[in-house]
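# Structure assessment
Spelled out from the first residue to the last, the chains are:
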Amino acid sequence: MSKYTALVVEKSEEGMSHSLVQLDTNDLPEGEVLIKVSFSSVNYKDAMSMTGVPGVTRQYPHTPGIDAAGVVAESTDGNFSPGDEIICIGYDLGMNTSGGFGEYIRVPSKWISKLPEGLSLKDSMIIGTAGFTAALCLEKLELMGASPEDGPVLVTGATGGVGSICVMLLSQLGYEVVACTGKTEKKAFLMDLGAGSILDRAELSEPNKRPVLAPRWAHAIDCVGGEILSNIIKELSPQGSVAICGLVASPGFSATVLPFILRGVNVLGIDSVEIPIDAKNRIWDRLASDWKLSHLSSLSNEITLSGLGETTEKLLAGLGSGRTLVKVG
Ligand SMILES: NC(=O)c1ccc[n+]([C@@H]2O[C@H](COP(=O)([O-])OP(=O)(O)OC[C@H]3O[C@@H](n4cnc5c(N)ncnc54)[C@H](OP(=O)(O)O)[C@@H]3O)[C@@H](O)[C@H]2O)c1
């Protein structure tokens, strides 16, 4: 039994509130592995859990944090031993299972990846679910045959967590990246990450009744959905693909069959949460080797548990940029 500190969100008639609370590891849910958390990170879903957005966390009081990296403290699974450095992202962590915004988590062993050689605990959480999702998007685009020679790749929500790592990863691998953003004042940040050019989000946000438009993008990664996604599908080059992962603008989009049957374009769905642990291990291995990101610190800032309220508010207002690392332990 250990006492530990966690951020706990409560729901009452007055609304949502959060505070740092002393808890006991005996109160953590069942699971084979107890982990002392070193770092977590802030993702859009954490902001939704913190503020009680329906469909994310069912029961409060609750400790959010869909990402955690740390050290095994106890394990009843022979594949993990005390002292092992591990990463745990997604599944139910931080949703309805006490998450990475606490100094300890207890989880099923099938949720855990061993930290690959070549990656530090800190860098794994600068990457976090957002960066892992960026890598999943790229992997799926490449499975459909995408390569740097194809032409420009559009990234929407480019200053956000997923978007900024997409820009960095694509550019590092030789792709020409067009960063679509609502924060044109962040041009220097995006160019430093490797964007070749910047597109004002407003330009892609207008509804357009035409079923197809002049091809502009070899491929795209869309973090926002809504009208922007509808327009991207119409503007994909023949055989182009868009990987879709987010809904910050809207979960809906509209399309006719015409871009699909006239240009053979592909819409690729991305789920970072429930994919099997073997697939997660494969992506982490790539992020520690051929897809290792060289300047991660340039897109992250670091906070402690006490800074989470302010950071998640900014994220929900669409004002975040880059990644926020949470130093927990
Ligand atoms: N499918 C998955 O497994 C998976 C995994 C991770 C995240 N996601 C989802 O991906 C999305 C992005 O996550 P994130 O962590 O990158 O969030 P984030 O850090 O908050 O970034 C979202 C970015 O979207 C842009 N944006 C904000 N409001 C917008 C609006 N109304 N219309 C258009 N663009 C807007 C902003 O970038 P600009 O100002 O640069 O435009 C913002 O920085 C979220 O919906 C999240 O739930 C899905």
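Residues numbered from 1 in each chain as written. Predicted model: local features only at pLDDT ≥ 70, side-chain atom pairs only at ≥ 80, totals over all residues.

Once that is clear, we can look at the environment of Thr25. Looking at where Thr25 falls in the secondary structure, it is placed in the loop between strand S2 (15-24) and strand S3 (33-41). Between the alpha carbons of Thr25 and Ser2 there is a distance of 5.5 Å; along the sequence they are 23 residues apart. (Helix = DSSP H or I, 4+ residues; strand = E, 2+ residues; numbered from the N terminus.)

In many reports, interface size means the accessible area that the parts give up when they come together. Taken as a whole, the protein is organised into domain 1 (3-115 + 295-327) and domain 2 (130-269). The C-alpha centroid of domain 2 is placed 29 Å from the C-alpha centroid of domain 1. At the interface, ten residues of domain 1 touch 14 residues of domain 2. Across the side of domain 1 that touches domain 2, the residue classes tally to three nonpolar, six polar and one charged. (Domains from an automatic or database assignment. Contact = placed C-beta atoms within 7 Å. Nonpolar A, V, L, I, M, F, W, Y, C, P; charged D, E, K, R; others polar.)

For strand S1 (residues 3-12) and S2, the ladder comprises ten bridges, and the chain directions are antiparallel. Pairing of Thr5 across the sheet is with Gln22, part of S2. In textbook terms, the turn of a hairpin is the stretch between consecutive antiparallel strands, and for S1 and S2 this stretch comprises two residues. (Pairing = 2+ DSSP bridges.)

Side chains that are three or four residues apart share a direction in an α-helix, a result of its 3.6 residues per turn. Of the residues making up helix H8 (residues 277-287), those classed as buried are Lys280, Ile283, Trp284 and Leu287. Seen end-on, H8 carries its buried residues on one side only, within an arc spanning 100 degrees. In this structure, the buried side of H8 is in contact with strand S5 (85-89), strand S7 (112-114) and helix H2 (121-143). (Buried ≥ 20, exposed ≤ 12 C-beta atoms within 10 Å, placed from the backbone. Arc of directions from axis to C-beta.)

Attention now moves to the environment of Gly182. If you trace the backbone, Gly182 turns up in the loop between strand S9 (177-181) and helix H4 (187-193). It is 8.6 Å that separates the C-alpha atoms of Gly182 and Ala158, two residues lying 24 residues apart in sequence. Once residues lying within four places of it in the same chain are set aside, the contact partners of Gly182 are Arg201 and Gly318.

Another aspect to go through is the sheet that holds strand S10 (residues 197-200). The strand order S10-S9-S8-S11-S12-S13 describes an open sheet built from six strands, whose pairing is parallel. Across the chains shown, the open sheet's two edge strands, defined by having one partner strand only, are S10 and strand S13 (266-269). Neighbour-to-neighbour, the strand axes of this sheet turn through a mean angle of 20 degrees, independent of strand direction. Pairing analysis gives four bridges linking S9 to S10, with the strands arranged parallel. The residue bridging Cys180 from the neighbouring strand is Leu199, located in S10. H2 rests against strand S11 (217-222), strand S12 (236-244) and S13 of the sheet, and its axis sits at about 150 degrees to S12. Set on the sheet, helix H3 (residues 161-172) makes contact with strand S8 (153-156), S9 and S11; between it and S8 the angle comes to about 160 degrees. (Axes fitted to C-alpha atoms, helices over the stretch in contact; angles between N-to-C directions.)

The next subject is the site of the ligand. Gly157, Gly160, Thr181, Gly246 and Gly318 are the nearest of the 31 residues found near the ligand. Looking at the shell around the ligand, the elements that each hand over two or more residues are helix H1 (44-50), H2 and H3. A per-class count over the shell around the ligand returns 13 nonpolar, 14 polar and four charged. When residues of the shell around the ligand are sorted by domain, at least three fall in each of domain 1 (3-115 + 295-327) and domain 2 (130-269). (Near = placed C-beta within 6 Å.)

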